[in-house]
Amino acid sequence: MSRNQAATAVLGFLLFVLTIGAVVRQSRQPEIVQITPTLTGRPELCLTCHQGIEEISASHPQEAFGCVLCHGGDGLALDADLAHATLRGGRAAGTTGNPSDLSVVEESCGGSACHSGAAENGRDHIHRVLTSVQATYAGAIAQVNYAFGQQPDATARWGVFAVQDDVITTNTGVPFLAEFSPGPDAPEAVHAFAQECQLCHVTAVPLAQPYFFRATGCAACHTVYENDGLYRGGDPTIAKDEPGHGRSHQLTTAIPYYQCNHCHNRGNYSLRQMTFLERDDLPGPHSLSAQEQRELDYYQPIAQFTLCEWELDCVDCHTNGEVMGDGDIHSNQADIQYVQCQTCHGTLAALPQLTTIEDPEHPAIISANLNPNYSVVVGDTVIATAQGETFGWVQWDGARLVETGKVDGRLYEVPLVMGSACQQQPDEQESHYCHECHAYEREIGG
Amino acid sequence: MIPNMSRPNFFEHLHPPTIPAREARFRYTFGLGGMSMLLFLSLVVTGVPLMFAYVPTAVAAGETIRAITYVAPYGWLLRNLHYWAAVLLVGLGSLHLLRVALSGSYKPPRRLNWLLGLLALLLSLLLSFSGYVLRWDVDTFGALTVGVNIVRQTPLIGNWLYELLVGGPYISDATVVRFYTWHTLGLSVPVLLLLGWHAFRVRRDGGISHLQSSHPPRISRRELVQREGVTMLALLCLLLGLALFVDAPLAPAVDSVNGPATAVTASIAAPWFFLWVQALLRHLPPLVAGIIMPLAVTLALALLPWLWDRSETGTAVWFNREGRLAQIIVLLIAAGIVLLTAWEWWG
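Bear in mind the structure is a predicted one, so any value in this text is a computation, not a measurement.

J.: Go over the environment of His432 of chain A with me, naming the residues and quoting the values.
T.: Residue and element names in this part refer to chain A. By secondary structure assignment, the location of His432 is in helix α19 (residues 431-438). Take His432: its relative accessible area is 46%, and that puts it in the partly exposed class. Distance in space between the C-alpha atoms of His432 and Phe305 is 9.1 Å, their sequence separation being 127 residues.

J.: Report on the interface of chain B and chain A, specifying residues and quantitative values.
T.: The partner chain A presents 26 residues to the 30 residues of chain B that form the contact. Summing both sides of the interface, chain B and chain A together bury roughly 2400 Å²; the carbon and sulfur share of this comes to 69%. The tally of links between chain B and chain A comes to three salt bridges. One salt bridge in this structure joins Asp74 of chain A and Arg66 of chain B, with 2.5 Å as the shortest N-O distance. Summed over the shared surface of chain B and chain A, the result is eight residue pairs in polar contact (both at pLDDT 80 or more). Of all the secondary structure elements, the ones that give two or more residues to the side of chain B that touches chain A are α5 (58-71), α6 (75-102) and α12 (221-245) of chain B. Broken down by element, the residue count for the side of chain B that touches chain A peaks at 13 residues, all from α12 of chain B. Class assignment for the residues of the side of chain B that touches chain A results in 21 nonpolar, four polar and five charged.

J.: Before we move on, could you go through the confidence of the model for chain B and cite the residues and values that matter?
T.: Residues and elements named next belong to chain B. Averaged over all residues, the pLDDT of chain B is 92; the fraction at 70 or higher stands at 95%. Averaged pLDDT values over the elements of chain B bottom out at 46 in strand β4 (residues 259-260) and peak at 98 in α6. Within the model, pLDDT remains below 50 along residues 257-264, and this stretch shows 15 contacts once partners closer than five positions in the same chain are excluded.

J.: Break down a negative patch on the surface for me, with residues and values.
T.: Judged by side-chain charge, Asp427, Glu428, Glu430 and Glu436 of chain A come together as a negatively charged surface patch. Along the polypeptide, Glu428 of chain A turns up in the loop between β10 (411-413) and α19.

J.: Would you mind going over the packing of aromatic side chains in detail, with residue names and values included?
T.: Residue and element names in this part refer to chain B. Applying the stated criterion across every chain yields a total of 23 aromatic pairs over all chains. Ring centres of Phe26 and Phe30 lie 5.9 Å apart, and the angle between their planes is 85 degrees; this geometry places the pair in the edge-to-face category. Taking relative accessible area as the criterion, Phe26 reaches 45% and is therefore assigned partly exposed. Phe30 gets classed as partly exposed once you look at its relative accessible area, which sits at 34%. Seen in terms of ring centroids, Phe129 and Phe274 are 5.7 Å apart; in terms of plane orientation they differ by 45 degrees. Their pairing is tilted.

What counts as what
- Within any chain, residue numbers begin from 1 and follow the written order of that chain's sequence.
- The naming scheme follows written order: chains are lettered A onward, ligands numbered 1 onward.
- Confidence filtering applies because this is a predicted model: local features only for residues at pLDDT of at least 70, side-chain atom pairs given and counted only at 80 or more, and all residues used for totals across whole chains, interfaces and linings.
- Note: side-chain values were computed over all heavy atoms of the structure, leaving out hydrogens and water.
- Strands are runs of DSSP state E lasting at least two residues, helices are runs of H or I lasting at least four, and both sets are numbered from the N terminus onward.
- For the exposure calls, accessible area comes from a 1.4 Å probe over protein chains only, and a residue counts as buried if that area is under 20% of its type's maximum, exposed if over 50%, partly exposed in between.
- In this description, contact between two residues means that some pair of their heavy atoms is separated by no more than 4.5 Å.
- A 1.4 Å probe defines the accessible area here, and the buried area is the portion of it lost by two parts on being joined, summed over both.
- Salt bridges are counted wherever a side-chain nitrogen of Lys or Arg sits within 4 Å of a carboxyl oxygen of Asp or Glu.
- Under this definition, polar contacts are N or O atom pairs within 3.5 Å; protein pairs additionally need one hydrogen-donor-capable and one acceptor-capable atom, and for neighbouring residues in sequence, both atoms have to be side-chain atoms.
- In this count, Pro and Cys sit with the nonpolar residues alongside Ala, Val, Leu, Ile, Met, Phe, Trp and Tyr, while Asp, Glu, Lys and Arg are called charged and the others, Gly among them, polar.
- Note on scores: pLDDT gives the predictor's confidence for each residue, bounded by 0 and 100.
- Patch membership is restricted to residues that have no salt bridge and whose relative accessible area is over 30%. Joining uses 9 Å for like charges and 5 Å for the nonpolar side chains Val, Leu, Ile, Met, Phe, Trp and Tyr.
- Working definition of accessibility: Shrake-Rupley area with a 1.4 Å probe, residue cover restricted to the visible protein chains.
- Positive residues here are Lys and Arg, negative ones are Asp and Glu, while His and the chain termini are left out of the count.
- By convention, the charge on Lys lies at NZ, on Arg at CZ, on Asp at CG and on Glu at CD.
- Pairing of aromatic rings covers Phe, Tyr and Trp, the last counted by its six-membered ring, and requires centre-to-centre distances within 6.5 Å; plane angles under 30 degrees mean stacked, over 60 mean edge-to-face, and any other angle means tilted.

This is the structure in C-alpha cells:
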C-alpha cells in the first residue's frame, strides 16, 4: 500500500467516525416542546427543557402567557446560556432571575391591563408595592436618622430607592422619598445601618440560609419558599438538593405564616450594635409535633400573642392594603396597619362591621377567585373594615361568624365579644389591651 | 465492471498530464489554493439547504436561525459546517495569498491571476461579513450598524452607497433582503466565476508556478490527484470535527422594533476578520480607519507585481531576492493585521 493509500484509508475512517458522531449528536437532540401563547402569538421552546414546571397561577395560564411574556429571555434558543442571557431579573450573581424583582417588575408584570393600571380598577399593584414601607424601608430609615439626629422628626424623607407619589389619599402620605445614602458627615451608626441593616425590604437579596430563603419583588410574598429553601416541583432543570429555590414555580395568595416569617420574627436589630441578632431557638427539639413546631416558629420568644395569632396565618388578619400598601408613601408601618382584634371580634357594644356583597365584580369576589380555599358569591355577608376593605373569608351565616383559613381552608367559629364575660373598657380597644387577658403562654422553647 | 484504471478520471482531467515534482510537493504550496476551492464549494453545498429554511426579514431572520440551529434535523450541523468552512476559507485563502506573494508566484505571466485571486479573496471577506450580518443578533446588528455608517463616510458617494446597502434610510426588512441577496447571489456567483477563471488561468499561464529549468523531474497527474485527495480528506475531517464539537456563535436576538432587545451589549462587534479595522476605528477617524486604510492595503496588494516587484525571475522561489521589497510589504501588512486583531481580541 502506498503512502497515499494508507493516508486515504486512515482519513477515510476518521471521516466515517466523525459522521457517526454527527448522527449520534443528532439522535441526542432533545424532543422539541413548542407552545404558542395566545397573548404573544410567538412560538416558545422553553418547555423543551422545563417540561413539568408548574403553571405559575390559574390567572396566568400557560396557554395564554407562556414564559417569555413575563420572564423575557430567548424563547427559541435551546442553549441554556443564550436562552437565559436576556432573562428579566438577570442571571448573574447578585441578581435573582426573578421577573417580579422590583427593578424589572414594570416590564414583566406592568401594563395598564395587568398590574400597573388604575387604582379604581384595583390594578395599581406595582405602584402600591413601590410606595409601601415593605419596599421603601422608609420607616426604619426615618427612625434611625431621627434617633441619630439626622432629621428633625420621624417623617420619612428617604427610601432604599427614590420614589414619588402624585396622588396622596391619606393624612400620613408623603409626596416623595429620595434615595437613602448617608453623607460623609453622618454618624458612624447611620453608615453602619446603611451597610448592615437593609435586609428587610422586598428588594433586598435575603441571607442564603435556612428560614431566610425567599425571592424579591412580588415573589417575596407570593412565591412560597420552604424553610430549607428546596424546590419540590416538577421542573427537571431545577436541582432538588440546592437551597435557594421556591417550593414550586407558583404565585399564590394562600401565603402561609412561614413565608412572612422569612423576614418577620427572624430576630432583632440591635440599634446599639447596629447589627442583626438572629433568634436562636430554632428549629427546636426533633420531638415536636407539627402543631408544636408552628407554635414555636411563629413568634419570637419575647413576643406576646394570642391563640388565634398563631393558629391562623398572618394573611387571615392582615389585609391586602396593610401588606401591599395603599398607594401612599408612609413614614411608618403604624400608619398603615389598622386591623385590630375588634375587626373580627367586635366589642361589647357592637358586632363587627359587616357588609353584604351585591356587586359581582366586588373586590371580595375577585380576591376569593384568586384563592382556592374559600369562595365569595353575591349575597354573602362578610367582615368590612374601617378602611373599606373586606374579609371575604370571614362570613356571617345569620347566627355565627365563620372564618375559612386562607392558607388551609380550615373552618373556625369566630368568638364574639358582645355577650361574653369580657371586661374591656369601651375606650380600650387596641389589641394590646386584649393581650392583657388573652395572651397565650407558650409551653415550649423560650 | 471494473473501470479501466489506466484512463484518466474526471479529476485527473482537470490537471495537466504531468506536473513538475518540485512544485507539486505539499511544502511548496501547502495545498492552500485547492483547499480554499474545496471550502468554497462546501459553502455552496451547505448554503443552499440553509436558504430553504432562512426567512430574510428583520423578525424572521433570528427566528429561523434558531429554528435551523435547534429544531431542524441536522440544521445545527449544516450551520456549523457553513460557519467553519467560512472561517477556514478566510484563513486559508489569506495564507494562500501569503504563499503566492512570498514564493514569487505573482510574477509575469501570472500578474492577471494575482488580481483575480485577490479579488476573489476580497469578495469572500464581503461574503463572510454579509453572512455574519444575516445571523441578525445583537453582535451582528452592532457590526452592521458600524459597517454601514463607515460606508456612509465615503466621500461623495457615501450616502448613495449607504442606501444601496441598507435599502432605505433605516435598517429594516429591506436591509435583510439586500444582505441576503448579496450573500446568496450578488457576491457568491461572482466569486464562483472568479475561482473558475482563477483555476483556468493557472493552466493557461503554464501550470503551477515553477522554476525555469529545461527538464525538471515531473510526476504524473494520477499521483498529484491522489495527494490532493488525501489533503481534501484531511480538510473535510477538520471541517466536520470543528462542526461537530464547536458550535457557530449566536448572540441574543435583536428586537425587531427597538433594535437590540437588551442591555447585553457586545464588547466585540466586528466579525473576527475585521477586528483589525475595529482596532483602527478606536484611534483614527472613521474615514481613515474604515475606508482609506483598507483601501490602501488593497491597493498595495493589488499593485504588488507592478509597484513592488517588476522582476520576471525568482518565480517559485520562497523569499526570492528579486521580490524582497514586495515580501517585506506583504509581511508588514500581515503582521499589522495580525497584531491589531490580537490587540482587539485580547486587549
